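The lines below spell out each chain.
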Amino acid sequence: MTKSILPKKILYWYDNNKRSLPWRKKLSQVKREYYTLVSEFMLQQTQVVTVVPYFNNFIKDIPNISSLAKINEHKLLKYWEGLGYYSRVRNLKKTAQILEKNFKGRLPITIEELKLLPGIGEYTANAIMAIGFNKPFIPLDGNIERIIKRLLNLNLISEVSKKNLISKKKILGTSVRASDYAQALMELGALICRPKNPLCGQCPLTKNCKSFKNNDFEIIKERKKKINKFYLLKVYKKNNQFLLVKNTKFNFLKNLKIFPMDELPKHSNLEKDLNFKISNMNMNIVVQFSKIKGSIPNSSWIDSSKLDGYTLPTFTKKIFSYLEKN
C-alpha cells in the first residue's frame, strides 16, 4: 500500500465534507491551543454532538487559561453538568493552574511535558501535538483505530491490540497539514468508516482497503466484561427536601452529591427499581424510603423544586426523576 497517497485522499475528502465545529474555526495560536485543550478533555468518552453546546457555553464564559485557572469549582462544575466523568473538568482546571504558574498560560510544546499534566495521557497528548501545534502525530482514538483495522483487515485479537495498532499507524503517513490530517482521520472514522454499516460508497480509501476488497467489515474487539453490582439506595425525605451525601464510592462521581447507597450481596433477592450501565459496571439499584436514625456524615438537604440551583450529576438527577414519577 502506498503511504504517501493516503493523506492526500483523506484531506481532499475532509476539505469537502468536514463538519463545522467550534474548535475548528480559524484561530490565533493562543486560542487554538486553548480550544484544543478544552475540546479534547470534553471529547474523552463523549460524542461530538453532545460536546458542541457544552463547549460553546464553556468558551463563552471561560475564554482562556487564566479564567479557567481562577474559576470557582462550584461554578466550573455547573458548566460540565451532564457531561459526566467529572474528574476530567477537575483535571482541566489543575492543568490550567499549572500552565499559569509554570508556562505563562501556554501549553508546553513537547509531548513529554504534556503527559505530565493532570488528565493528559498518551492519546490526548498526541491530539494536542497534532491539532494544537500542527506536529506530525497521529492520535489513536477509536475512529482512527477502526480505519487502520479495516485498511489492513486485522481480524485476530493479537492484531487489534493497542501495541500492534501503534506499530501499524505508520501506514497512514504524515502531512504538512498535520492538524487538519489528525482531524480528517477522526472525521472519516466517525462519519464514513463507522463501526456498523460503514458508508464504503462514500469512502476515499476503497482502493486501498483490504476489508473492502475482502468484503469483511466486522471489527474484532476485546470486550470488557460487565461487572454486575447491586445497591440499596436510601431515600430520606422531609417535605420537598431530600438528603444527599458527598460521594466517596464511585470515581466517576467524585465528591459530587448522590443519594446514600450501600452495596448489597451479589445475588440479592430484592427486586431492582433502577438500572444504570456506567463504563464496565451494570448497577442494579433497589430504592427504599427510610427514616433517619442519628446523623449522616457529609450530608445536606436538597430542595427537589430547585434542582437547577445545585451542581448535581446526571446520575442523581435521573433518580430524582424516578422518584417524581413513583
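Here we come to the pairing of strand S1 (residues 227–235). As defined by bridge partners, S1 adjoins strand S7 (residues 281–289) across 9 bridges and the pair is classed as parallel. Each bridged residue has a counterpart across the sheet, and for Ile227 the counterpart in S7 is Met281. Sheet topology places S1 next to strand S5 (residues 261–263); 3 bridges connect them, and they run antiparallel. The residue bridging Leu232 from the neighbouring strand is Asp262, located in S5.

Within S7, 7 of the 9 residues are buried, leaving the element largely enclosed by the surrounding structure. Two strands pair when backbone bridges link them, and strand S6 (residues 274–278) and S7 are joined in this way by 5 bridges, in the antiparallel orientation. Looking at the pairing, Phe276 lines up with Met283 of S7. Between S6 and S7, which pair antiparallel one after the other, the connecting turn spans 2 residues, and Ser279 there sits at a positive phi close to 55°.

Attention shifts here to the sheet that holds S7. The strand order across the open sheet formed by 4 strands is S5-S1-S7-S6, and the pairing between neighbours is mixed. Whereas interior strands pair on both sides, the edge strands pair on one side only; in this sheet they are S5 and S6. Averaged over all neighbouring strand pairs, the angle between strand axes comes to 30°, with direction disregarded. Contacts from helix H13 (residues 314–325) reach S1, S5, S6 and S7 within the one sheet, and its direction differs from that of S6 by about 160°.

What follows covers the environment of Thr95. Within the fold, Thr95 resides in helix H6 (residues 87–102). The sequence separation of Thr95 and Ile65 amounts to 30 residues, and the corresponding C-alpha distance is 9.0 Å. Those residues in contact with Thr95 that lie beyond four places of it in its chain are Leu37, Phe41, Leu117 and Pro118.

Moving on to the state of the cysteines. Within the structure shown, the criterion is met by 0 disulfides. Looking at the unpaired Cys193, the closest cysteine sulfur is the one in Cys203, lying at 6.3 Å. Assessed through its relative accessible area of 11%, Cys193 is described here as buried.

Turning next to the side chain of Arg146. Along the chain, the position of Arg146 falls in helix H9 (residues 142–152). Here Arg146 sits buried without a salt bridge, and the closest side chain of opposite charge, Asp141, lies 7.4 Å off (N-O distance). If we ignore the near neighbours within four places in the chain, the residues touching Arg146 are Gly189, Ala190, Cys193, Arg194, Pro195 and Ile219.

Once that is clear, we can look at the nonpolar core. Counting 68 residues, the largest nonpolar core has Phe58, Met283, Ile285 and Phe315 as the members making the most contacts within it. Looking at which element gives the most residues to this core, the answer is helix H2 (residues 29–43), with 6 residues. Other than its neighbours up to four places away in sequence, Phe58 contacts Tyr34, Val38, Met42, Leu68, Leu76, Tyr79, Trp80, Val89 and Leu92.

Reading the values: rules and limits
- Residues numbered from 1 in each chain as written.
- Predicted model: local features only at pLDDT ≥ 70, side-chain atom pairs only at ≥ 80, totals over all residues.
- Heavy atoms only, no water.
- Pairing = 2+ DSSP bridges.
- Helix = DSSP H or I, 4+ residues; strand = E, 2+ residues; numbered from the N terminus.
- Buried < 20%, exposed > 50% of the residue type's maximum accessible area, 1.4 Å probe, protein only.
- Axes fitted to C-alpha atoms, helices over the stretch in contact; angles between N-to-C directions.
- Contact = heavy atoms within 4.5 Å.
- Disulfide = S-S within 2.5 Å.
- Lys, Arg positive; Asp, Glu negative; His and termini not counted.
- Salt bridge = Lys/Arg side-chain N within 4 Å of Asp/Glu carboxyl O.
- Core = buried A, V, L, I, M, F, W, Y, C linked by side-chain atoms within 4.5 Å.

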